[in-house]
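Residues per chain are reported as follows:
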There are 2 protein chains.
Amino acid sequence: MIDISSIVISSRIRLARSLNDYIFPGMLSGEAGYKVIKQVADVVLPLGDYKVFTMQQLPALDAEVMQEKHLISKNLLENKDYGAVILSDNQSVSIMVNEEDHIRAQCFLKGLSLKQAYDTLEPIDNALINKLNVAFDSSLGFLNSCITNVGTGMRASVMLFLPALTLSSEIGKIINLLSNQGLTVRGVFGEGSEAQGYMYQISNARSLGVSESEIISKVTNYALKVCEYEMQARKRLVENDEITIKDRVFRAWGILTNAYSLSANEFMKYAGEVKIGIALGFIKLKDNTLIDRLLFDALPSSLTKIANQEALNETEERLTRASFVSKTLKTARIK
Amino acid sequence: MIDISSIVISSRIRLARSLNDYIFPGMLSGEAGYKVIKQVADVVLPLGDYKVFTMQQLPALDAEVMQEKHLISKNLLENKDYGAVILSDNQSVSIMVNEEDHIRAQCFLKGLSLKQAYDTLEPIDNALINKLNVAFDSSLGFLNSCITNVGTGMRASVMLFLPALTLSSEIGKIINLLSNQGLTVRGVFGEGSEAQGYMYQISNARSLGVSESEIISKVTNYALKVCEYEMQARKRLVENDEITIKDRVFRAWGILTNAYSLSANEFMKYAGEVKIGIALGFIKLKDNTLIDRLLFDALPSSLTKIANQEALNETEERLTRASFVSKTLKTARIK
């Protein structure tokens, strides 16, 4: 068994559910929208430490922070009228109400933990199905607004850090391989398919005609296969080009700990290089998950919140990011 | 009076003298070459703490170090047969024998010190003229192998650090202005006219029909004028673009103190940026001349010598430079 902790960042299970008694959220009127929020909240709140946030009442900055942390989608953020999110206190469970479907329940966990994430969501999902009139067809499965979400309505995804496969350009081959197996690969943080910080999201493309456990097994097994390829690519990278890679890592560290102004994109890029250094043991931090947290904390709205500001213009944002990142990294390093 | 210490790096006076009894060094046979060395040494050695090094006996690495420090020229370095240099113990006076002319006496001093440099050379020059048959024509002045060195045989040059004029692209205008005044501007460390590390050498183009003191006054006065332009350009740079310039300075510092591998050209480039930061007060070092010394010490042969090695291949050289520069700079910084 290889050590995948330097490759797999996180796992997410998302379940889409629609309610029979309401038209799809895209066509929903305000009042019916509130009823949906109330119905879902009434089921979920008794199940644990959950809080409801309506997009109407949530301060804009808090909503943007949630979006940056992927707790809510851009789609929900823009649904000011009757969008809401029910969040667990530890933020691992987030249930969006009146997003593309009436209910989008998701669970995020660190590492390769799709099974655990599903185990966390299942009782909530069961409660929703038992108590609400969830759209279900005995031959098709759950019915949702988009055909790709008909069936289990499940999307299982893992976020992977694949610098060696990216640098060696083998990633293209891997993406083809996964596509042929019914899996989707997307760059994370990047526009379109371009991955920033060497981060990729792998998920099932289909939700119909497969069981939940089949989806979880498939994504998990292929993620493990990709981990193996990445480990081999890292080994070759160090064997063939240790000096170049070390130099790249340490320069990135030098820039992140010294820059006076830093854009989010640049941070992403150099953070990816530093993560390579951590993965290969060139740089040691007190906490190896620090960079992954920073990747979210250094995003514009989260950063504004951390800096105790209401808003930052672009220049202020870059200066704040530079000093925040520099201070955080310097104190975290083990020499 | 403006503070020019962050602009003027050093001053150099060079005097070319030829001997009547010998053909020019380019045509000289070995035996006559030795005679020239002996005659010059006999005059100079009694005048102070001088040592003679013949190119034949000087170890190759030591000769290359001398060339990197501009104590000898490439031309002399290649004249293995009968080239020699007479060096003062503090290395401020260097008298090349059998370079392009029989005698090339030069004095280097820090700061804007052309007069002092000439005062240092003059007694040596007088002794040479009194005791040797130096080629001199009463109407033309000193005669030398190249027409540009006929007359005083003097070249007075100052090395200037002109980042703001370079970044604002005003340097072109300055170079034109100086050219029209009979001065030559050259990039230092760079190939051709391209200046690396924002360093430029200004010197008199002519040696004929002007007196020594006229040359010194002219170069000094124009150097001071350029200093004034540079100071104004720096003021504008900070006023218009402080964030950009600070960011550039600190990133350069980050790279120089963290890179794992560093080429001489890259070092020159980033050292120039760090020098801007020192000049503008963004970075404080215990010794402000440190970077100027590093600019020589980090050159390939000097670095090899400092690392106590006989030779370094290109990879070793880059690794050695990176760790030497990083260590030196880190210990020098005042936080």
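Everything in this summary refers to the structure shown in the same document. All values derive from a computational prediction rather than experimental measurement.

## Quick notes on the packing of helix H9 (residues 290-297) of chain A against helix H11 (residues 314-332) of chain A
All names here are of chain A.
Part 1: One can describe the packing of H9 onto H11 by two numbers: an axis separation of 12 Å at closest approach and a directional angle of 170 degrees. Here H11 runs roughly antiparallel to H9, going by the angle between their axes. The residues of H11 that touch H9, namely those facing Leu 290, Ile 291, Leu 294 and Asp 297, are Phe 324, Thr 328, Leu 329 and Ala 332.
Part 2: By residue class, the composition of the contact of H9 with H11 is six nonpolar, one polar and one charged.

## Some words on helix H9 (residues 290-297) of chain B
Part 1: Among the eight residues in H9 of chain B, seven count as buried, and that is most of the element.
Part 2: Listed as buried for H9 of chain B are Leu 290, Ile 291, Asp 292, Leu 294, Leu 295, Phe 296 and Asp 297 of chain B.

## Quick look at the relation of the copies chain A and chain B
Part 1: Aligned on chain B, chain A shows an RMSD of 0.0 Å; the corresponding rotation is 180 degrees and the shift along the axis is 0.0 Å. The superposition operator between the copies reduces to a two-fold rotation axis. In terms of C-alpha distance to the rotation axis, chain A has Gly 254 of chain A as its closest residue, with the C-alpha 2.0 Å off the axis.
Part 2: In this assembly the copies share their binding face: 100% of the residues contributing to the interface of chain A also contribute to that of chain B.

## Description of the pattern of salt bridges
Part 1: Tallied over the full model, the rule gives 42 salt bridges over all chains.
Part 2: Taking the shortest distance from any N to any O, the salt bridge between Glu 266 of chain A and Arg 251 of chain B comes out at 2.6 Å. Of this pair, Glu 266 of chain A sits in helix H8 (residues 264-279) while Arg 251 of chain B is found in helix H7 (residues 212-256), placing the two residues in two different chains.
Part 3: By relative accessible area, which is 13% here, Arg 251 of chain B ends up buried.
Part 4: A salt bridge links Lys 51 of chain B to Asp 89 of chain B; the nearest nitrogen and oxygen atoms lie 3.3 Å apart. A residue pair is termed long-range when its members are at least 10 positions apart, and Lys 51 of chain B in strand S2 (residues 50-54) and Asp 89 of chain B in the loop between strand S3 (84-88) and strand S4 (93-97) qualify at 38 residues.
Part 5: A cluster of three or more residues bridged by salt bridges with shared partners is formed by Glu 99, Glu 100, Asp 101 and Arg 104 of chain A.

## Quick look at the interface of chain A and chain B
Part 1: Taken together, the contact pairs 19 residues of chain A with 19 residues of chain B.
Part 2: Approximately 1,500 Å² of surface area, both sides summed, lies buried where chain A meets chain B, with 60% of it carried by carbon and sulfur atoms.
Part 3: The largest per-residue losses of area from chain A upon contact with chain B belong to Arg 251, Asn 258 and Tyr 260 of chain A, which jointly make up 41% of the total buried on that side.
Part 4: Our enumeration of links across chain A and chain B arrives at two salt bridges.
Part 5: Viewed at the interface, chain B and chain A are joined by eight residue pairs in polar contact (both at pLDDT 80 or more).
Part 6: At the level of secondary structure, the elements contributing two or more residues to the side of chain A that touches chain B comprise helix H7 (212-256), H8 and H11 of chain A.
Part 7: Considering every element that reaches the side of chain A that touches chain B, the biggest residue donor is H7 of chain A, with eight residues.

## Describing the sheet that holds strand S4 (residues 93-97) of chain A
All names here are of chain A.
Part 1: Read across the open sheet, the eight strands follow the order S2-S3-S4-S5-S1-S8-S10-S9; overall the sheet is antiparallel. Strands at the two margins of the open sheet, each flanked by one partner only, are strand S2 (50-54) and strand S9 (183-187). The sheet shows a mean angle of 20 degrees between the axes of neighbouring strands, taken without regard to direction.
Part 2: Across five bridges, the pairing between S2 and strand S3 (residues 84-88) is antiparallel.

## With respect to unusual backbone geometry
All names here are of chain B.
Part 1: Of note, the phi angle at Gln 91 is positive, near 65 degrees, even though the residue is not glycine.
Part 2: For Gln 91, the position within the fold is in the loop between S3 and S4.
Part 3: A positive phi angle is found at Asn 308, which is not glycine, with a value near 60 degrees.

## Notes on helix H2 (residues 60-68) of chain A
Residue and element names in this part refer to chain A.
Part 1: Listed in full, the buried residues belonging to H2 are Leu 61, Ala 63, Val 65, Met 66 and Glu 68.
Part 2: Where H2 is buried, its residues meet S2, helix H3 (74-77), S3, H9 and helix H10 (300-306).
Part 3: Directly after H2, the chain includes His 70, whose backbone phi takes a positive value near 65 degrees.

## Re the packing of aromatic side chains
Pairs of aromatic rings are described using the distance from one ring centre to the other and the angle between the two planes.
Part 1: Inspection of the entire model under this criterion finds six aromatic pairs over all chains.
Part 2: A ring pair is formed by Phe 250 of chain A and Tyr 260 of chain B, whose centres lie 6.2 Å apart and whose planes are at 35 degrees; its orientation type is tilted. Of the two residues, Phe 250 of chain A sits in helix H7 while Tyr 260 of chain B sits in the loop between H7 and helix H8 (264-279), which places them in two different chains.
Part 3: Overall, the relative accessible area of 12% leaves Phe 250 of chain A in the buried class.

How each quantity is defined
- Counting starts from 1 at the beginning of each chain's written sequence and moves along it residue by residue.
- Chain labels run from A onward and ligand labels from 1 onward, assigned in the order the entries are written.
- Whole-chain, interface and lining totals are the exception, using all residues; otherwise, since this is a predicted model, local features are given only for residues with pLDDT of at least 70 and side-chain atom pairs are given and counted only at 80 or more.
- Working from all heavy atoms in the structure, the side-chain values ignore hydrogens and water.
- Angles shown run from 0 to 180 degrees and are taken between the N-to-C directions of axes, each axis being a line fitted to C-alpha atoms and, for helices, limited to the stretch in contact.
- By the criteria applied, helices consist of DSSP H or I runs no shorter than four residues and strands consist of E runs no shorter than two, each listed in order from the N terminus.
- Roughly parallel covers angles under 35 degrees, roughly antiparallel covers those over 145, roughly perpendicular covers 65 to 115, and oblique covers all other angles.
- Residues count as neighbours in contact if any of their non-hydrogen atoms are within 4.5 Å of one another.
- When residues are grouped by polarity, Ala, Val, Leu, Ile, Met, Phe, Trp, Tyr, Cys and Pro land in nonpolar, Asp, Glu, Lys and Arg in charged, and all others, Gly among them, in polar.
- Note on exposure labels: buried denotes an accessible area under 20% of the residue type's maximum, exposed denotes more than 50%, and partly exposed covers the range between, all computed with a 1.4 Å probe on protein chains only.
- A least-squares fit on C-alpha atoms brings the copies together, and the residues used are those whose pLDDT is at least 70 in both copies.
- Here, a salt bridge means any side-chain nitrogen of Lys or Arg that lies within 4 Å of a carboxyl oxygen of Asp or Glu.
- As used here, buried area is the combined drop in accessible area, with a 1.4 Å probe, of two parts when they are placed together.
- A 3.5 Å cut-off defines polar contacts: any pair of N or O atoms within that distance qualifies, except that in protein one atom must be a possible hydrogen donor and the other a possible acceptor, and neighbouring residues in sequence count only when both atoms are side-chain atoms.
- At least two bridges found by DSSP between two strands are what make those strands a pair.
- Working definition: a ring pair exists when centres of Phe, Tyr or Trp rings (six-membered ring for Trp) sit within 6.5 Å. Plane angles under 30 degrees give stacked, over 60 give edge-to-face, the rest tilted.

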